[in-house]
Amino acid sequence: MFSTLAPAHAEDDSLRQKQTQACKGDALKLCALAIPNEKKITACMERKKDKLSPQCRAFFENKPAGGKKAPAKKH
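Conventions used here
- Residues numbered from 1 in each chain as written.
- Predicted model: local features only at pLDDT ≥ 70, side-chain atom pairs only at ≥ 80, totals over all residues.
- Heavy atoms only, no water.
- Helix = DSSP H or I, 4+ residues; strand = E, 2+ residues; numbered from the N terminus.
- Buried < 20%, exposed > 50% of the residue type's maximum accessible area, 1.4 Å probe, protein only.
- Lys, Arg positive; Asp, Glu negative; His and termini not counted.
- Salt bridge = Lys/Arg side-chain N within 4 Å of Asp/Glu carboxyl O.
- Contact = heavy atoms within 4.5 Å.
- Core = buried A, V, L, I, M, F, W, Y, C linked by side-chain atoms within 4.5 Å.

S.K.: Describe in detail the side chain of Asp-26, supporting the description with residues and values.
M.R.: Mapped onto the fold, Asp-26 is located in helix α1 (residues 2–30). Here Asp-26 sits buried without a salt bridge, and the closest side chain of opposite charge, Lys-29, lies 4.5 Å off (N-O distance). Residues contacting Asp-26, with those up to four places away along its chain left out, are Cys-31, Met-45, Leu-52, Ser-53 and Cys-56.

S.K.: Which residues make up the nonpolar core, and what values go with them?
M.R.: If you look at the biggest cluster of nonpolar residues, it comprises eleven residues: Cys-23, Ala-27, Leu-30, Cys-31, Ala-34, Ile-41, Cys-44, Met-45, Leu-52, Cys-56 and Phe-60. Excluding its chain neighbours within four sequence positions, the residues that come into contact with Leu-52 are Asp-26, Leu-30, Met-45, Arg-57 and Phe-60.

S.K.: Please give an account of the environment of Ala-34 that cites residues and values.
M.R.: With respect to the helices and strands, Ala-34 occurs in the loop between α1 and α2 (38–47). Given the relative accessible area of 13%, Ala-34 is considered buried. Expressed as a C-alpha distance, the spacing of Ala-34 and Cys-44, which sit ten residues apart in the sequence, is 7.5 Å. Beyond its immediate sequence surroundings of up to four residues, Ala-34 is in contact with Lys-40 and Ile-41.

Encoded structure:
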């Protein structure tokens, strides 16, 4: 069972690393008071989406409505 979860987890970690790299500067500049609370940082950055760098904004524009993950594509 764990072997089937590992690739998805690794994929999530990779995506998270890319988002962190793209958004770290924006988080420090725009939402420093929310650090280290991840939920508050995310909420702050969503409110200030228009001020985010293009690389970071891409992670927030692709987020489905309601904050839920998009369903996995079937191959």
